[in-house]
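# Report on the structure
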Amino acid sequence: FRTTQGDIDVTLLSSEAPQTVANFLRYVNRGDYSQSFFHRSVRNFIIQGGGYRWVNNTAAPVREDPPVQNEFRVSNTRGTIAMAKLGTNPTSATN
């Protein structure tokens, strides 16, 4: 990721979460995350982005593809990238 605060390198674990990685790369390859921004930040917990981007100086939602199947194999520990889900639905992650 290239941000105004510097670049963030990520490693995608396609063998552990193939549907999730494919979903993420569809958004990336379409350019859906261009001009996106972190819209939620909770100290010592999470920074969240991917839901909105700037279009004509206005925050606009990133279009959502259908949710992907939950592929829990790697714990959400510090430094991991993950998809947000609704608390009651582990198969609700979109963008």
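So, here's what we can say about the structure. (Residues numbered from 1 in each chain as written. Predicted model: local features only at pLDDT ≥ 70, side-chain atom pairs only at ≥ 80, totals over all residues. Heavy atoms only, no water.)

### What about the sheet that holds strand β5 (residues 58-61)?
With antiparallel pairing, the 3 strands of this open sheet are ordered in space as β3-β4-β5. Each edge of the open sheet carries a strand with a single partner, namely β3 (36-42) and β5. Each neighbouring strand pair of the sheet contributes to a mean axis angle of 50°, computed without reference to strand direction. (Pairing = 2+ DSSP bridges. Helix = DSSP H or I, 4+ residues; strand = E, 2+ residues; numbered from the N terminus. Axes fitted to C-alpha atoms, helices over the stretch in contact; angles between N-to-C directions.)

### Some words on unusual backbone geometry
Positioned with a positive phi, Gln-35 is a non-glycine residue whose angle comes to about 65°. A relative accessible area of 55% places Gln-35 in the exposed class. (Buried < 20%, exposed > 50% of the residue type's maximum accessible area, 1.4 Å probe, protein only.)

### A closer look at the packing of aromatic side chains
This model, assessed by the stated rule, comprises 5 aromatic pairs. Aromatic side chains Phe-1 and Phe-24 sit 6.1 Å apart centroid to centroid with 70° between the ring planes, which places their arrangement in the edge-to-face category. With Phe-1 in the segment before β1 (2-3) and Phe-24 in helix α1 (residues 18-30), this residue pair connects regions lying 23 residues apart in the sequence. Seen from their ring centres, Phe-24 and Tyr-33 are 5.8 Å apart, and the 35° between their planes marks the pair as tilted. For the pair formed by Phe-24 and Tyr-33, the shared burial category is buried. When the ring centre of Tyr-27 is taken as origin, the NZ or CZ atom of Arg-30, which lies over that ring, is 5.1 Å away. (Phe/Tyr/Trp six-rings, centres within 6.5 Å; stacked < 30°, edge-to-face > 60°. Lys NZ or Arg CZ within 6 Å of the ring centre and 35° of its normal.)

### Some points on the environment of Leu-25
Among the secondary structure elements, Leu-25 is positioned in helix α1. What makes Leu-25 partly exposed here is its relative accessible area of 32%. C-alpha of Leu-25 to C-alpha of Leu-12: the two residues are 13 residues apart in sequence and 9.5 Å apart in space.

### Overview of the pattern of salt bridges
This model, assessed by the stated rule, comprises 5 salt bridges. The partner of Asp-65 in a salt bridge is Arg-26, with the nearest N and O atoms 3.5 Å apart. Residue Asp-65 is located in the segment after β5, and its partner Arg-26 is located in helix α1; the two are separated by 39 residues in the primary sequence. The class for Asp-65 is buried, based on a relative accessible area of 13%. Across the salt bridge formed by Arg-30 and Asp-65, the nearest N and O atoms sit 3.2 Å from each other. Within this pair, whereas Arg-30 is found in helix α1, its partner Asp-65 is found in the segment after β5, the two being separated by 35 residues in sequence. Connected through salt bridges with shared partners, the residues Arg-26, Arg-30, Asp-32, Arg-63 and Asp-65 form a single ionic network. (Salt bridge = Lys/Arg side-chain N within 4 Å of Asp/Glu carboxyl O.)

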